[in-house]
Amino acid sequence: MTTTHLLLGQTLSYTSDPFHSPIVDSAEVRQNGGVLVKDGVIFGVSEGDTLRAAYPHAKVHDYGDALITAGFVDAHVHYPQTAIITSWGKRLIDWLNAYTFPEEMRFGDKGFADEVAGRYLDLTLAHGTTTVASFCTIHPESVDAFFEAALARGQRVFAGKTCMDRNAPDGLLDTAKSGYDDSKQLLEKWHGQERLSYAITPRFSPTSTPEQLDAMGSLWAEHPGCLMQTHLSEQTDEVAWVADLFPDARDYLDTYEQFGLIGPGGLYGHSIYLTERERTRLKEADASLIHCPTSNTFIGSGLFDMAGLMAEGQRIGLATDTGGGSSFSMLRTMAAAYEVGQLRGTPLHAAQIYWLATVGSARALRADDKIGNLAPGMEADIVVLDLSSTPAIAQRTARAENLWEALFPTIMMGDDRAIIDTWIGGQRYQAQT
Ligand code: GUN
Ligand code: ZN
């Protein structure tokens, strides 16, 4: 018989999208709330006392005035870049060549890949992140390592073999055929096992020939239930390079569109320099744009148009983009999203930022029926936050008059010290040391 758990604390559940409905109507906050967890699933969210009386045999975890919410969902990461995070001073193409590709070369060694995959998931869990969508490397071993590590931790994750057949060093290239064959084999091996999902993963147009993009498009057409993740319009030099490499394409998105690489379940990391046509097509296709704010500032890419794209009704997720992004923390990522909004003159409300890191990213990954919110029937992936985790935060939170004001200092100044507990599938996570 599995244990029924009752988590007590302040609870936050979203009831609607705070970008498209009034903030006050978007969330249900309970100061003395409770979350009942049974068989890996959230069974009830209600007043703590009510649940305690109704389920006297539940194991109680009293978190006092800590905040209980859904775990963070990081919609675009590169776990193989864990050890080169915060590599200094370069912009995208030079950064890839100087730091990223040499590191990714090492992932043909399964033991090395295992070590980094485990370390990456432990680091992110310590930061409250329960689901990620990760690029692996061209090596099938890197995919096996990641899925095995996620399986051992019971996590819902999305990942795929990164495909590249040009413009990368020897040793880091596949071919159109081997990229297709290896991806298909990995997809058949892993997709749908426990909480694992395979994502078809052409890195970006500059590192794939038209033949490879075409093969990726075929694989996606054969498996439309899988996500497809890639990069789009991150830096101006990159956009110009794509125009040179694909002289017949109407724009960057067209280099994917021509080969069937656009549709629901398509995830487009960065998406900063979009033309009107691209915006229209992405919206029509109901594709997902992934905002990577610490990466966009760290690699010097630019400012994502959150307000404009949200107003158009685009589907948008939030992500660290480790290790182009400069942090493993979705709190730090939320802070950067706020700062980018400020630089564009469109500040985001705390309710909107936090929604992006939970429901929004889950929606972008088309998993919002399972994760990203504290609601009955959802999988019990949960984070418990101390809203006074440091003296600097505590003295500001003491002045707060409502939950959003109490949460905002943790969004802006918080880190892994704010994470009291992370729950995965109804189990309290303890680091595997
Ligand atoms: N574009 C293609 N590959 C990458 C990558 O690894 N990181 C980032 N930030 N952008 C990319
Ligand atoms: Zn990326």
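Residues numbered from 1 in each chain as written. Chains lettered and ligands numbered in written order. Predicted model: local features only at pLDDT ≥ 70, side-chain atom pairs only at ≥ 80, totals over all residues. Heavy atoms only, no water.

Within an unreviewed UniProt entry, the label attached to the protein chain reads Guanine deaminase, and the organism entered is Pseudohalocynthiibacter aestuariivivens. Taken directly from UniProt, the Catalytic activity (unreviewed entry) text for the protein chain runs: "guanine + H2O + H(+) = xanthine + NH4(+)". Taken directly from UniProt, the Pathway (unreviewed entry) text for the protein chain runs: "Purine metabolism; guanine degradation; xanthine from guanine: step 1/1." (UniProt positions renumbered as here; feature names shortened; annotations may be inferred.)

Novice: Go over the sheet that holds strand β1 (residues 5-14), please, and point to the residues and values.
Specialist: The mixed open sheet is built from 7 strands, whose spatial order is β3-β2-β1-β4-β14-β15-β16. Edge positions in the sheet fall to β3 (41-47) and β16 (427-428), since each of these pairs with one other strand and no more. Here β1 pairs with strand β4 (residues 59-70) via 6 bridges, running parallel. Bridge pairing in β4 links T11 to I68. Against the sheet, helix α14 (residues 350-364) engages β1, β4 and β14 (382-385), with an angle of about 120° to β1. Taken strand by strand, helix α16 (residues 403-413) contacts β1, β2 (27-38), β4 and β14, and its axis lies near 100° from that of β1. (Pairing = 2+ DSSP bridges. Helix = DSSP H or I, 4+ residues; strand = E, 2+ residues; numbered from the N terminus. Contact = heavy atoms within 4.5 Å. Axes fitted to C-alpha atoms, helices over the stretch in contact; angles between N-to-C directions.)

Novice: Report on the UniProt feature "domain: Amidohydrolase-related" (unreviewed entry) in the protein chain, specifying residues and quantitative values.
Specialist: In the numbering used here, UniProt assigns the "domain: Amidohydrolase-related" (unreviewed entry) feature to residues 68-427. Taken end to end, residues 68-427 is 44% helix and 17% strand, and its first and last C-alpha atoms sit 15 Å apart.

Novice: So, the site of ligand 1: which residues are in play, and what are the values?
Specialist: Around ligand 1, 13 residues are found, and the nearest of them are H78, Q81, R203, E234 and D321. Here an oxygen atom of ligand 1 and a side-chain polar atom of R203 are 2.8 Å apart. Here a nitrogen atom of ligand 1 and a side-chain polar atom of D321 are 2.8 Å apart. Coverage of ligand 1 by the protein chains reaches 100% of its 280 Å² of free accessible surface. Mapping ligand 1 onto the cavity grids shows that it belongs to the largest cavity. (Near = heavy atom within 4 Å. Polar contact = N/O pair within 3.5 Å; in protein donor to acceptor, adjacent residues only side chain to side chain. Areas by Shrake-Rupley, 256 points an atom, 1.4 Å probe, with all protein chains shown as cover. 1 Å grid on protein atoms, 1.4 Å probe; cavity = no way out; pocket = protein on both sides within 12 Å on 5 of 7 lines; lining within 4 Å. Sits in = over half its atoms within 2 Å of the grid points.)

Novice: Before we move on, could you go through the layout of surface pockets and cite the residues and values that matter?
Specialist: Looking at the largest pocket, its volume works out to about 370 Å³. Taken together, 19 residues form the lining of the largest pocket, with Q10, Q31, L387, L403 and A406 sitting closest to its centre. Of the residues contributing to the lining of the largest pocket, the split by class is 11 nonpolar, 5 polar and 3 charged. Of the voids in this model, the second largest pocket is the one considered here, and its volume is about 170 Å³. Split by residue class, the lining of the second largest pocket holds 7 nonpolar, 4 polar and 3 charged. (Points joined across faces, edges and corners; volume = space filled by probe spheres on them. Nonpolar A, V, L, I, M, F, W, Y, C, P; charged D, E, K, R; others polar.)

Novice: Got a sec to walk through the side chain of E104? Specific residues and values, please.
Specialist: In this fold, E104 is placed in helix α3 (residues 92-104). If sequence neighbours within four positions are ignored, E104 has contacts with P80, Q81, T137, H139, M164, L172 and R203.

Novice: Quick rundown of empty space enclosed by the protein? Include the residues and the values.
Specialist: Taken as a whole and judged by the stated rule, the model has 2 cavities of 30 Å³ or more. The space that makes up the largest cavity amounts to roughly 100 Å³. Looking at the largest cavity, it is lined by 13 residues, and the ones nearest its centre are H78, L92, W95, L96 and H231. Within the lining of the largest cavity, the residues separate by chemical class into 5 nonpolar, 5 polar and 3 charged. In terms of lining, the second largest cavity is formed by A70, G71, V73, T130, T131, I371, G372, N373, E379 and D381. By residue class, the composition of the lining of the second largest cavity is 3 nonpolar, 5 polar and 2 charged. When residues of the lining of the second largest cavity are assigned to domains, at least three fall in each of domain 1 (5-70 + 373-428) and domain 2 (72-364). (Domains from an automatic or database assignment.)

Novice: Describe the coordination of the zinc ion (ligand 2), listing the residues and the values that go with them.
Specialist: At 2.0 to 2.6 Å from the zinc ion (ligand 2) lie its protein donor atoms, namely H76 (NE2), H78 (NE2), H231 (NE2) and D321 (OD). Relative to the metal, the 4 donor atoms surrounding the zinc ion (ligand 2) lie at angles of 89 to 161°, and the coordination shape comes out irregular. Along the chain, the residues that donate to the zinc ion (ligand 2) are spaced as H-x1-H-x152-H-x89-D. In this pair, H76 sits in strand β5 (residues 72-78) while D321 sits in the loop between β13 (315-318) and α13 (330-343), placing the two residues 245 residues apart along the sequence. According to the relative accessible area criterion, D321 is buried, its value standing at 4%. (Donors = N, O, S within 2.8 Å, 3.2 Å for Na, K, Ca; no water. Tetrahedral: all angles 85-135°; square planar, octahedral: opposite > 155°, others 65-115°. Buried < 20%, exposed > 50% of the residue type's maximum accessible area, 1.4 Å probe, protein only.)

Novice: Hey, could you go over the nonpolar core for me, with residue numbers and the actual values?
Specialist: One finds Y79, F146, Y268, M334 and Y354 to be the most contacted residues of the largest nonpolar core, which totals 99 residues. Counting residues per element, this core draws most heavily on α14, which supplies 8 residues. Mapping this core onto the domain boundaries places at least three of its residues in each of domain 1 (5-70 + 373-428) and domain 2 (72-364). Those residues in contact with Y354 that lie beyond four places of it in its chain are L12, Y14, T69, F72, M334, V383, L385, L407 and I411. Core analysis: the next-biggest nonpolar cluster, separate from the first, contains 15 residues, I290, C292, A367 and I371 among them. (Core = buried A, V, L, I, M, F, W, Y, C linked by side-chain atoms within 4.5 Å.)

Novice: Give a detailed account of the packing of aromatic side chains, specifying residues and quantitative values.
Specialist: As enumerated under the stated definition, the model contains 13 aromatic pairs in all. The interplanar angle of 80° and the centroid separation of 5.7 Å between the aromatic rings of Y79 and F107 together place this pair among those described as edge-to-face. With Y79 in the loop between β5 and α3 and F107 in the loop between α3 and α4 (110-126), the pair connects residues that are 28 residues apart, well separated along the chain. Classification of Y79 by relative accessible area gives buried; the value is 0%. Through a chain of ring-to-ring contacts, three or more aromatic side chains come together here, namely Y79, F107, F112, F146, F147 and W190. In this arrangement the basic side chain of K38 is found over the ring face of F43, its NZ or CZ atom lying 4.5 Å from the centre. (Phe/Tyr/Trp six-rings, centres within 6.5 Å; stacked < 30°, edge-to-face > 60°. Lys NZ or Arg CZ within 6 Å of the ring centre and 35° of its normal.)

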